[in-house]
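# Working through the structure, step by step
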Amino acid sequence: MSSITPYIPSTITVHLGPPDQWAENVTVPFLDYVKNVVSSEIYPTWEEAAIRANILAVVSFALNRVYTEYYPSRGYDFQITASTAYDQKFIRDRSIFENIGQIVDEMFNDYLRRVGSVEPLAAKFCNGTTATCDGLSQWGSQDLAKQGKSYMEILRYYYGPDIELVMNAPVEDLGDRQNYPGRPVRLGDVGEPVFIIQASLNRISRNYPAIPKIWPADGIYGEKTEEAVKEFQRIFNLTPDGIVGKATWYKLVAIYVGVSRLSELASEGQLYDKVGFQYPGVLREGSRGQGVQTLQYMLAILAQFYPELEDVKADGVFGPATTQAVLAFQHSHGLSPDGVVGEQTWDAIYRDYIGIGNYLERDRVRFPGENRRTHGARIGQDPGMTMEQGQKDQKGGVRV
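Let us look at the structure shown here. As a convention, each chain's residues are numbered from 1 in the sequence order in which they are written. It should be noted that, the model being predicted, local features are given only for residues of pLDDT at least 70 and side-chain atom pairs only at 80 or more, the latter also being counted only at that level, while totals for whole chains, interfaces and linings use all residues. Excluding hydrogens and water, the side-chain figures rest on all heavy atoms present in the structure.

For the rest of this paragraph, the subject is helix α3 (residues 98–107). Along α3, the positions that sit buried rather than exposed are Ile100, Gly101, Ile103, Val104 and Met107. Down the axis of α3, the buried side of the element spans an arc of 165 degrees, and every buried residue falls inside it. Buried residues in α3 make contact with α1 (30–41) and α2 (48–67). Each residue's exposure class comes from its accessible area (1.4 Å probe, protein chains only) as a fraction of the maximum for that residue type: buried when under 20%, exposed when over 50%, partly exposed otherwise. Secondary structure elements are defined from DSSP: runs of H or I of at least 4 residues count as helices, runs of E of at least 2 residues count as strands, and each element is numbered from the N terminus. The arc under discussion is defined with respect to the helix axis, by the directions toward the C-beta atoms. Should any heavy atoms of two residues lie within 4.5 Å, those residues are considered in contact.

So this is what it looks like as structure tokens:
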């Protein structure tokens with residue numbers, strides 16, 4: 001049976017700013033990227049167990065971005081950004097702490113994943129003081145290390161007991177491997193591209209159950225795989241010929257990233273526990289606060305279902321990206337396209353959000369009952385209380 005192991009790219013291309021703003025792209029050796037990020041995120045005087053835990057979080061998150069083609073599938077020409085609002089801190093030409101560099105040399109090709117999963121863990125982290133998140137607390141990891149915890153004990157404390165360490169992953173050039181394999185994949189083909197197709201379809205089928213599961217996912221393009229591809233193509237308005245050409249390949253990538261992002265948003269629903277969705281008054285570029293953050297959260301959910309909407313970060317700041325998302329929504333719904341969220345636009349966004357919420361509440365994959373018990377309010381519930389505001393700090397990686 002074929003298998004696929006995520007590899008360590010020899011280089012990674014970093015966008016030196018938020019994804020939707022112009023900035024230079026720099027391509028650096030992956031090893032140097034990790035050293036740079038870790039030196040930018042934590043302190044060299046910390047306990048070694050804490051340093052190792054943070055290195056694995058940084059490596060795993062970066063590999064998840066590469067493996068899922070998170071940015072290329074959205075039309076960007078880079079793998080990750082240097083913005084801590086989206087990814088991890090990277091400072092061009094910064095100096096590297098010697099002890100951190102030595103430990104990174106030892107373990108840069110180790111990463112975390114969930115037991116039974118293929119992809120690297122999207123290991124969120126934050127500084128744990130001025131910013132908290134559903135992931136590793138950097139200062140908390142130092143506290144645990146001082147208590148004698150090993151780096152894996154620290155990581156399981158934050159990410160759960162079902163994570164495992166993959167060691168000595170192969171290092172390869174990116175080349176064309178991250179992209180379309182160069183020719184259509186079809187009935188009778190074998191190899192890694194087939195396995196990628198099968199694994200992607202199996203994950204997507206959890207959200208689109210009309211797509212039949214492919215079992216076993218063996219890297220052999222047989223009739224079951226062809227049937228699943230055809231159903232995928234029907235659902236997403238592609239020619240249902242059962243052949244994975246370039247259009248189908250990249251639609252698979254985009255939908256895979258989308259459903260993974262939707263699951264991530266759902267798991268972050270605890271941040272919106274007891275949030276009020278009532279109309280907060282007119283919102284426009286330059287507005288800030290809870291109402292903007294609620295708007296952005298709803299738009300982020302809708303972006304997983306409307307391809308014309310770009311995903312936005314729920315940071316509470318109504319900037320150009322939020323304006324573009326509002327304009328796209330208004331265009332698609334026959335509203336006056338002014339980029340301003342008046343009551344009519346707010347109500348239309350909320351109605352769509354509620355409709356998706358009703359669908360998702362019936363979906364026990366993304367909204368299992370045990371999560372509803374622990375996370376409280378979900379899509380479509382309106383207890384009308386204040387949401388917790390996310391914060392940023394000069395230290396701390398992926399924010400929520």
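In this analysis, the expected span of each helix is defined as 1.5 Å times one less than the number of residues it contains. The end-to-end C-alpha separation of helix α9 (residues 290–303) is 20 Å, in line with the 20 Å expected for 14 residues at 1.5 Å each. Among the 14 residues of α9, 13 are classified as buried, and the element is accordingly described as predominantly covered.

Pairing between strands requires that DSSP locate at least two bridges from one strand to the other. Strand order in the open sheet formed by three strands is β3-β2-β4, and the pairing between neighbours is mixed. The open sheet terminates on both sides in strands that have one partner only, identified here as β3 (25–29) and β4 (80–81). One ladder, built from five bridges, connects strand β2 (residues 11–15) with β3; its direction is antiparallel. In the sheet register, Val14 faces β3, and the bridge partner there is Val26. With respect to the sheet, α1 is in contact with β2, β3 and β4, its orientation differing from that of β3 by roughly 105 degrees. Axis angles are defined between N-to-C directions and span 0 to 180 degrees, where every axis is a line fitted to C-alpha atoms and, for a helix, only to the segment in contact.

With that settled, the discussion passes to the packing of α1 against α3. In the contact formed by α1 and α3, the axes pass within 9 Å of each other and the chain directions differ by 135 degrees. By the angle between their directions, the pair α1 and α3 is classed as oblique. α3 is crossed by α1, and the crossing has right-handed handedness. Only Ile100, Gly101, Val104 and Asp105 of α3 make contact with α1, whose side of the interface consists of Leu31, Val34, Lys35, Val38 and Ser39. For classification purposes, an angle smaller than 35 degrees is called roughly parallel, one larger than 145 roughly antiparallel, one from 65 to 115 roughly perpendicular, and anything else oblique. It is the rotation of the near helix from the far one that decides the hand of a crossing: anticlockwise by less than a right angle makes it left-handed, clockwise makes it right-handed.

Once that is clear, we can look at the pattern of salt bridges. Oppositely charged side chains may form a pair once their charged atoms are brought near each other. Between Lys or Arg on one side and Asp or Glu on the other, a salt bridge is scored when a side-chain nitrogen of the former is within 4 Å of a carboxyl oxygen of the latter. Evaluated as defined, the whole model comprises nine salt bridges. Arg52 is the salt-bridge partner of Glu48, the closest N and O atoms lying 2.9 Å from each other. Of this pair, Glu48 and Arg52 both sit in helix α2, four residues apart, which is roughly one turn of the helix. Residue Glu48 is classed as partly exposed on the basis of its relative accessible area, which comes to 45%. Classification of Arg52 by relative accessible area gives buried; the value is 11%. Here the salt bridges do not stand alone but share partners, grouping Glu48, Arg52 and Glu106 into one network.

Moving on, we come to the packing of aromatic side chains. Pairing of aromatic rings covers Phe, Tyr and Trp, the last counted by its six-membered ring, and requires centre-to-centre distances within 6.5 Å; plane angles under 30 degrees mean stacked, over 60 mean edge-to-face, and any other angle means tilted. Counting across every chain of the model gives 13 aromatic pairs. The interplanar angle of 55 degrees and the centroid separation of 5.8 Å between the aromatic rings of Tyr43 and Trp46 together place this pair among those described as tilted. Exposure remark for Tyr43: the relative accessible area of 31% places this residue in the partly exposed category. Residue class for Trp46 comes out buried when judged on its relative accessible area of 7%.

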